[in-house]
Amino acid sequence: MVGRAATAHNQEMILIVGAGPTGLVLAIELARRKVPLRIIEKSSQVAARGRAVGVQSRTQEIFEAMSVLQLPIRLGLPVVGETHYQEGKPVRSTQPVVSTTAPYPNLLALEQNVIEQTLVQHLNKLGVPVEWGRRFEGLQQNDQGVQAQLDGESLQVDYLVACDGANSAVRQAAGIAFPGKAYPYLFSLADVAVDWELPLNRSYLFRRGQQTLGMLPVARPNHFRMWTKDLRVGATLPEDGSVRHGFVDDQAPGLEEFQEFVSQLVPQPVRLSSPRMLCSYQIECRLAERYREGRVFLAGDAAHVHAPTGFQGMNMGIQDAYNLGWKLARVVQDQSAPELLDTYERERRPIAQEVLLQTDEAVENFEAPRSVGQQLMEQYNVPWWQLEFHYRAAQSDELSDSCLQAGDRAPDGEVLSSHGLIRVFQLLRGSDYNALAFVEGRSSLRQVQALARRSGICLHPIGPGTVYTDPGNALRSNYGLTEEGLVLIRPDGYVAARGRLSEAAQVFAKVEVG
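This is a predicted model, so every value here is computed, not measured. Counting from 1, residues in each chain are numbered in the order their sequence is written. Note on the predicted model: pLDDT of at least 70 is required for a residue's local features to be given, and 80 or more for side-chain atom pairs to be given and counted; whole-chain, interface and lining totals, by contrast, use all residues. As a rule here, side-chain values come from all non-hydrogen atoms in the structure, and water together with hydrogens is ignored.

### Digging into the overall build of the chain
Working definition: helices are DSSP H or I runs of at least four residues, strands are E runs of at least two. Numbering for both runs from the N terminus. Each helix and strand counted, the chain has 14 helices and 29 strands in total. Three exposure classes are used, based on accessible area relative to the maximum for each residue type with a 1.4 Å probe and protein chains only: buried under 20%, partly exposed in between, and exposed over 50%. Considering the chain as a whole, with its 514 residues, one finds that 58% of them fall into the buried category. When checking whether two residues touch, look at their non-hydrogen atoms; a contact exists if any pair is within 4.5 Å. Taking the intrachain contacts of the chain between residues at least 6 apart in sequence as the baseline, contacts between residues at least 24 apart amount to 73%. As presented, the chain carries roughly 20,900 Å² of accessible surface, and 48% of it is formed by carbon and sulfur atoms. Accessible areas in this description were obtained via Shrake-Rupley with a 1.4 Å probe; residue shielding takes into account the shown protein chains only.

### What to know about the pattern of salt bridges
Every case where a carboxyl oxygen of Asp or Glu lies within 4 Å of a side-chain nitrogen of Lys or Arg is listed as a salt bridge. Within this structure, the stated rule accounts for 28 salt bridges. A salt bridge links Arg-429 to Glu-64; its shortest N-O distance comes to 3.2 Å. Of this pair, Arg-429 sits in the loop between α10 (424-428) and β26 (434-438) while Glu-64 is found in helix α2 (residues 57-65), placing the two residues 365 residues apart along the sequence. One salt-bridge network, held together by shared partners, links Arg-38, Glu-131, Arg-134, Asp-151 and Glu-153.

### Brief notes about the packing of helix α1 (residues 21-31) against helix α4 (residues 112-125)
Inter-axis angles, ranging from 0 to 180 degrees, are taken between N-to-C directions of lines fitted to C-alpha atoms, where helices are fitted over the stretch in contact. Between α1 and α4, the shortest axis-to-axis distance is 10 Å and the interhelical angle comes to 20 degrees. One finds that α1 runs roughly parallel with respect to α4. For the pair α1 and α4, the sense of crossing is left-handed. Two secondary-structure elements touch here, α1 through Pro-21, Leu-24, Val-25, Ala-27, Ile-28 and Ala-31 and α4 through Gln-112, Glu-116, Leu-119, Val-120, His-122 and Leu-123. Residues belonging to the contact of α1 with α4 are distributed by class as follows: nine nonpolar, two polar and one charged. The cut-offs work like this: below 35 degrees is roughly parallel, past 145 is roughly antiparallel, 65 to 115 is roughly perpendicular, and the gaps in between are oblique. With the far helix as reference, a near helix turned anticlockwise by less than a right angle produces a left-handed crossing, and one turned clockwise produces a right-handed crossing. Residues were grouped as follows: Ala, Val, Leu, Ile, Met, Phe, Trp, Tyr, Cys and Pro as nonpolar; Asp, Glu, Lys and Arg as charged; and all remaining residues, including Gly, as polar.

### Describing the nonpolar core
Here, nonpolar core means buried Ala, Val, Leu, Ile, Met, Phe, Trp, Tyr and Cys residues that are tied together by side-chain atoms lying within 4.5 Å of each other. Judged by nonpolar contacts, the single largest core of 123 residues is most densely connected at Phe-63, Leu-328, Leu-486 and Phe-508. Not counting residues up to four positions away in its chain, the partners in contact with Phe-63 are Val-25, Val-55, Val-68, Leu-69, Ile-115, Leu-119 and Ile-318. Core analysis: the next-biggest nonpolar cluster, separate from the first, contains 19 residues, Val-192, Trp-196, Leu-198 and Leu-272 among them.

### Focus on empty space enclosed by the protein
Of the two site types, the cavity is a set of points on a 1 Å grid over the protein atoms alone where a 1.4 Å probe fits but cannot get out, and the pocket is an open set with protein on both sides within 12 Å along at least five of seven lines, each lined by residues with an atom within 4 Å of a point. Grid points are joined across faces, edges and corners, and a volume is the space filled by probe spheres set on the points. With the rule as written, the count across this model stands at two cavities of 30 Å³ or more. The wall of the largest cavity is formed by 18 residues, among which Ala-65, Tyr-322, Phe-425, Leu-428 and Gly-493 lie closest to the centre. Contributions of two or more residues to the lining of the largest cavity are made by α2 and α10. Of all the elements, α2 adds the most residues to the lining of the largest cavity, at five residues. Its volume calculated, the second largest cavity comes out at about 40 Å³. If you trace the second largest cavity, you find it lined by Arg-58, Ile-62, Gln-319, Tyr-322, Asn-323, Arg-348, Tyr-391, Asp-492 and Tyr-494. The biggest single contributor to the lining of the second largest cavity is helix α7 (residues 313-332), with three residues. Here the lining of the second largest cavity is composed, by residue class, of four nonpolar, two polar and three charged.

### A closer look at unusual backbone geometry
Its identity as a non-glycine residue notwithstanding, Ser-67 has a phi of 65 degrees, on the positive side. In this structure, Asn-473 is a non-glycine residue whose phi angle is positive, near 55 degrees. For Asn-473, the location among the structural elements is in the loop between β27 (458-462) and α12 (474-478).

### What to know about the confidence of the model for the chain
For the chain, the mean per-residue pLDDT works out to 87, and 87% of the residues sit at or above 70. A score from 0 to 100, pLDDT tells how confident the predictor is in each residue. For the stretch residues 1-10, pLDDT sits under 50, and the model shows 23 contacts to residues farther than four places along the chain or on other chains. Predicted confidence for residues 369-377 stays below pLDDT 50, and this span has 16 contacts to residues more than four positions away or in other chains.

### A look at the packing of aromatic side chains
Put simply, two rings from Phe, Tyr or Trp (the six-membered ring, in Trp's case) pair if the centres are within 6.5 Å, and we call them stacked under 30 degrees between planes, edge-to-face over 60, tilted for the rest. Tallying each qualifying case throughout the model produces 12 aromatic pairs. A centroid spacing of 6.1 Å and a plane angle of 55 degrees characterise the contact between Tyr-159 and Phe-297, whose relative ring orientation is tilted. With Tyr-159 in strand β12 (residues 159-162) and Phe-297 in strand β22 (residues 296-298), the pair connects residues that are 138 residues apart, well separated along the chain. Of the two residues, Tyr-159 and Phe-297, both sit in the buried class. Their ring planes at 45 degrees and their centres at 5.7 Å tell us that Tyr-291 and Tyr-344 sit as a pair that is tilted. In this pair, Tyr-291 sits in the loop between β20 (284-287) and β21 (292-293) while Tyr-344 sits in helix α8 (residues 342-364), placing the two residues 53 residues apart along the sequence. For the pair formed by Tyr-291 and Tyr-344, the shared burial category is buried. One aromatic cluster is present, formed by Tyr-85, Trp-196, Tyr-204, Phe-206 and Phe-224 through successive ring pairs.

### Digging into the packing of α2 against α7
Orientation of α2 relative to α7, taken along the N-to-C sense of each, is 40 degrees, at an axis distance of 10 Å. The angle between α2 and α7 places the two elements in the oblique class. Pair α2 / α7 crosses with left-handed handedness. Between α2 and α7, the contacting residues are Arg-58, Thr-59, Ile-62, Phe-63 and Ala-65 on the first element and Asn-315, Ile-318, Gln-319 and Tyr-322 on the second. For the contact of α2 with α7, a count of residues per class yields five nonpolar, three polar and one charged.

Here is the structure:
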């Protein structure tokens, strides 16, 4: 299917190159804010096999806010914990922590291609088709816009976003370096049916001597995605120095090789069958020197690639897009100054640096001696739900003595209305700024409501005499307040500012700078 979003002004347009999860989330975020855009993809359709298989807690929250979570929840498999084995004995077991502040405690096992199909369908409903089979061929830019060369077309746009993966043609055309390294071995991957007595809704890590096997259930009966280091004897690496992060199809191991290896590590009878994928994978660790060159931005694998430890990669790209989308929309629609776009790299690149550091150390010690390996299992292989990632370094907070600060993820919770309990995330769902006003009565609200209307903020008063009440002041406590106060929440669900009701003008002023 080839098409384009209708627009009356080519210059008020954003071009997204790449229709993986990162590009699709960015397109949805722009489309639901009525920003004209086009999204192209060199492949002819959604890939038949998916690299990623895990949707983290924070990504599930994002999908809920985007109104695309219902189908993944129905199709996916909640992973209820992880068990580590050392020399055939269980040494560590984790369980999800259930909390009203985090509604999705489980990793959701679902293949990337299923997620992509869901996002494509939602984008179509918003009137923006993916232009399949279209290639990016080059760009030129100046202070006014970007001239993008596509196959058979020259297109003038305000901004161009590279979501075209590790071998990003856009990144190369923009002249952004992608330093890093390739690991001197391949990883072997399999997606197979597993017949054993262990629970089928948990992930596993088996270590015996210097050998390691990881297993994650996928959303098919009895199937697991499993991975280990360089299983196939004689596997070779590319020597041309190019970025090769991804599948290496001519190095695939066989089912018999996986069966023999798994039987050595799993401390009970196990039989593998019905392979859906047997392949080798080249893993690299790279981070773009910058996320922006003029009006060209990088997101997802175009900006960072790393080992799949902790199931971070796809989720990182989705959160790049969720951070950038609302900022591009506000700037293109003249709601915020262009300087708002500078915060994208300031907020997202340090998180990628942290993830690359940790995944690199985990890979380098993948077959470490037992003492080192056990320490790394505890430190790095416990799933990172990505709820703790924050943007504090790029923010300031008038109430910085609190545990919750500007730049932190806004927690979920419950308020009471005449219709019963309502989750805070339901109040915050939308495409613009929200504010929670914790009050003792309506008399203190008048000025705050007037300021909110002038700033285009959706205000939610919580307290006696308002639509919502906070039983036991639990929500107020979660937001770090002990008395009346105000919390401004960004469109991507992070705290922009907090303050007293009397400081509403200062708090709401944060809208202007993002």
